Amino acid sequence: MKVGFIGLGIMGKPMAKNLLKAGYQVCVNDFHKEAVEELVVAGATAGANNAEVAKGVDVVITMVPNSPNVRAALLGENGVAEGADKDTVVIDMSSIDPVESKKIAAELKERTGMEMLDCPVSGGEPKAIDGTLSIMCGGKKEVFDKYTDLLKAMGSSVVYVGEIGSGNVAKLANQMVVAANIGICAEAMTFAKKMGTDPELVYQAIRGGLAGSTVMDAKVPMMLAGNYKPGFRIDLHIKDLNNALNASHAINMPVPMTAHMMEVMQELKNHDEGSCDHDDIIRYYERMTGVSIVKEKSFFIDLRGKCYEYRFYQGRYRSYYYSY
């Protein structure tokens, strides 16, 4: 089976590599040419544009940031619709507004006769790398059945949810739960520290009980280490929550917890932390309480015979001068 793959970001690049490892022929395209070159070294071919990626392949996968990017990749100038034939199937694995997913699928079908699945993923960069993503799929069941094995090359859980758009409904529900879960983990760990109890020991005490979760085990250790390297960026989570708010308001449903977490993440973005991992929510609590759960870290710098120690305290490094 020949696969076109559009979008080689934090998630898309390892997903495309896993397809190559599974034996699929993969043609790729991305704005970042260094990512394309990395995939070519791994065994892929490169298309000059999205239309070229779509020529002669059985299926085209898109993994791009948001609804406008999916629309441009599929229906825009030099897009998939210009290069693919009607038997080519599109699998959009981006996380977008389910209403827009339905519209794009309908326009693609009317214009080209092509079928589309919406199959967003959950699990972040680590699970994209090891091929254990959770994949939730919407579209025609017979189309899903045909490409289940392809999807299993990238994920350990591949679940059919319903008609087109249903995959993104499931993904938005997932992101609502993840945001609230990270937020309460950060709040609880800060509470423990402010009460004078070691938050790491509190984490170990509660992780095996009802409070324990995959989110807790993935994100609390990162919070304790002060590790905000993005596996899933705050900016992308803001995008997902915005789509969740738009979709819920379209059906007149209040979503107060989702709205609150959106405001928390906007505060982080206003502190130039949008490119950090969403475990960065802990720093929202650091700023509110003046308490950091990060284990104290320090390092020394020798400048022209003067020694400076930098200690991590209350969310930032502070310098101390020593003469010798």
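Along each chain, numbering runs from 1 in the same order as the chain's sequence is written. Residues qualify for local features only when their pLDDT is at least 70, as the model is predicted, and side-chain atom pairs are given and counted only at 80 or more; totals for whole chains, interfaces and linings, by contrast, use all residues. Calculated side-chain values reflect all of the structure's heavy atoms, with hydrogen atoms and water omitted.

*Asks:* Is there a simple way to think about the overall build of the chain in this case?
*Replies:* Across its full length, the chain carries 14 helices and 12 strands. If one aligns the C-alpha atoms of the chain with their principal axes, the spans along those axes are about 75 × 50 × 35 Å. By sequence separation, contacts in the chain at least 24 residues apart represent 61% of the contacts at least 6 residues apart. Method for areas: the Shrake-Rupley scheme with a 1.4 Å probe, in which residue coverage is limited to the protein chains shown. When the accessible surface of the chain is totalled, it reaches about 15,400 Å², and 55% of it is carbon and sulfur. Each helix is a run of H or I in the DSSP string that is no shorter than four residues. Each strand is a run of E no shorter than two, and both are numbered from the N terminus. Throughout, a contact is declared for two residues whenever any of their heavy atoms are within 4.5 Å.

*Asks:* Teacher, can you tell me more about the state of the cysteines here?
*Replies:* Among covalent bonds in proteins, the disulfide is the one between the sulfur atoms of two cysteines. Throughout, disulfides are identified as pairs of cysteine sulfur atoms within 2.5 Å of each other. Counted according to the given criterion, the structure contains 0 disulfides. Among the cysteines around Cys-185, which has no disulfide bond, Cys-276 carries the closest sulfur, lying 18 Å off.

*Asks:* Explain the side chain of Asn-18 to me, please; I cannot follow it from the model alone.
*Replies:* Of note, Asn-18 is situated in helix H1 (residues 12–21). Pairs of N or O atoms within 3.5 Å make up the polar contacts considered here, provided that, within protein, one atom can donate a hydrogen while the other can accept it, and that residues adjacent in sequence are counted only when both atoms are side-chain atoms. Polar side-chain contacts of Asn-18 include one of 2.9 Å to the backbone oxygen of Ala-128. Once you skip the residues sitting within four places of it in the chain, Asn-18 turns out to touch Ala-128, Ile-129, Asp-130, Gly-131 and Ala-153.

*Asks:* What's the story with the layout of surface pockets in this structure? I'm lost.
*Replies:* In this approach a probe as big as a water molecule rolls over the atoms, and the regions it shows empty are the leftover space. In this analysis the probe radius is 1.4 Å and the grid spacing 1 Å, with only protein atoms considered; a cavity is a set of points the probe fits into but cannot get out of, a pocket is an open set with protein on both sides within 12 Å along at least five of seven lines, and lining residues have an atom within 4 Å of a point. Grid points are joined across faces, edges and corners, and a volume is the space filled by probe spheres set on the points. The volume enclosed by the second largest pocket comes to roughly 320 Å³. Lining the second largest pocket are 18 residues; nearest its centre among them are Pro-98, Val-169, Ala-247, Ser-248 and Ile-251. When residues are grouped by polarity, Ala, Val, Leu, Ile, Met, Phe, Trp, Tyr, Cys and Pro land in nonpolar, Asp, Glu, Lys and Arg in charged, and all others, Gly among them, in polar. Residue composition of the lining of the second largest pocket, grouped by class: 13 nonpolar, 3 polar and 2 charged.

*Asks:* Would you explain helix H2 (residues 33–42) in this entry?
*Replies:* Helical geometry: 3.6 residues make up each α-helical turn, so side chains three or four residues apart lie on a common side. When a residue's accessible area, from a 1.4 Å probe over protein chains only, is under 20% of the maximum for its type it is buried; when over 50% it is exposed; and in between it is partly exposed. Listed as buried for H2 are Ala-35, Val-36 and Leu-39. Taken around the axis of H2, the buried residues stretch over an arc of 100°, which confines them to a single face. Seen from the open side of H2, the exposed residues pointing more than 90 degrees away from its buried face are Glu-34, Glu-37 and Val-41. Directions drawn from the helix axis to the C-beta atoms are what define this arc.

*Asks:* Please clarify how the environment of Val-59 should be interpreted in this entry.
*Replies:* Mapped onto the fold, Val-59 is located in strand S4 (residues 59–62). Residues Val-59 and Phe-232, 173 residues apart in the sequence, show an inter-C-alpha distance of 26 Å. What Val-59 contacts, discounting residues up to four positions off in sequence, is Met-1, Lys-2, Val-3, Gly-4, Thr-88, Val-89, Ile-91, Tyr-147 and Leu-150.

*Asks:* Looking at this structure, how should I read the packing of H1 against H2?
*Replies:* Helix-helix packing is characterised by the crossing angle of the two axes and by the distance between the axes. Only the stretch in contact is used when a helix axis is fitted, and all axes are lines through C-alpha atoms; the angle between N-to-C directions ranges over 0 to 180 degrees. Viewed as axis vectors pointing N to C, H1 and H2 meet at an angle of 15°, and their least axial separation amounts to 10 Å. Judged by the inter-axis angle, H1 sits roughly parallel to H2. Of the two elements, H1 crosses H2, and the hand of that crossing is right-handed. In this structure, H1 contributes Lys-13, Ala-16, Lys-17 and Leu-20 to the contact, and H2 contributes Ala-35, Glu-38, Leu-39 and Ala-42. Residue composition of the contact of H1 with H2, by class: 5 nonpolar, no polar and 3 charged. For this classification, under 35 degrees means roughly parallel, over 145 means roughly antiparallel, 65 to 115 means roughly perpendicular, and everything else is oblique. Crossing handedness is defined as follows: a turn of the near helix away from the far one that is anticlockwise and smaller than a right angle gives a left-handed crossing, while the clockwise case is right-handed.

*Asks:* Hey, could you run me through helix H9 (residues 166–194) in this one?
*Replies:* The end-to-end C-alpha distance of H9 is 42 Å, a good match for the 42 Å that 29 residues give at a rise of 1.5 Å each. Gly-196, located one to two residues past H9, shows a positive phi value of around 90°. Between the first and last residue of a helix there are one fewer steps than residues, each counted as 1.5 Å, and that sum is the expected span.

*Asks:* Any chance you could explain the nonpolar core here in plain terms?
*Replies:* For this analysis, a nonpolar core means a set of buried residues of the types Ala, Val, Leu, Ile, Met, Phe, Trp, Tyr and Cys, connected via side-chain atoms within 4.5 Å. Ranked by internal contacts, the top residues of the largest apolar core, which has 36 residues, are Phe-5, Met-15, Leu-19, Ile-91, Met-93, Ile-135 and Leu-151. Only strand S1 (2–6), H1, strand S2 (25–29), H2, S4, strand S5 (89–92), strand S8 (133–138) and helix H8 (141–152) provide two or more residues apiece to this core. Looking at this core element by element, the count peaks at 5 residues for H8. Counting residues in hydrophobic clusters, the runner-up holds 30 residues, among them Ala-186, Met-216, Cys-276 and Tyr-285.

*Asks:* Can you walk me through the pattern of salt bridges in this structure?
*Replies:* Side-chain pairs of opposite charge can arise whenever the charged atoms involved come near each other. What makes a salt bridge here is a side-chain nitrogen of Lys or Arg within 4 Å of a carboxyl oxygen of Asp or Glu, nothing more. A full pass over the atoms with the stated rule returns 17 salt bridges. The closest approach of N and O atoms between Glu-100 and Arg-71, which form a salt bridge, is 2.8 Å. With Glu-100 in helix H6 (residues 98–112) and Arg-71 in helix H4 (residues 67–75), this residue pair connects regions lying 29 residues apart in the sequence. Judged by relative accessible area, Arg-71 falls into the partly exposed class, the value being 25%. When the shortest N-O distance is used, the salt bridge between Arg-207 and Asp-217 registers 3.0 Å. Pair noted here: Arg-207 is in the loop between helix H10 (199–206) and helix H11 (214–225) and Asp-217 is in helix H11, with a separation of 10 residues, a long-range link. The partly exposed category is assigned to Arg-207, whose relative accessible area is 35%. Salt bridges linked by common partners bring Glu-267, Glu-273, Asp-280, Arg-283 and Arg-287 together as one network.

*Asks:* When you look at the pairing of S2 in this model, what are you seeing that I'm missing?
*Replies:* In summary, the side chains of a regular strand alternate between the two faces of the sheet. Within S2, 4 of the 5 residues are buried, which leaves the element mostly enclosed by the surrounding structure. Strand pairing follows a simple DSSP-based rule, namely that at least 2 bridges must link the two strands. As defined by bridge partners, S1 adjoins S2 across 5 bridges and the pair is classed as parallel. Each residue of the ladder has a partner; that of Ile-6, found in S2, is Asn-29. By the criterion used throughout, a crossover qualifies as right-handed when its path from the first strand across the helix to the second strand runs clockwise, the strands pointing away from the viewer. One crossover worth recording links S1 to the parallel S2 by way of H1, and it is right-handed.

Such coordinate-based values are descriptive only and should not be taken to indicate function.
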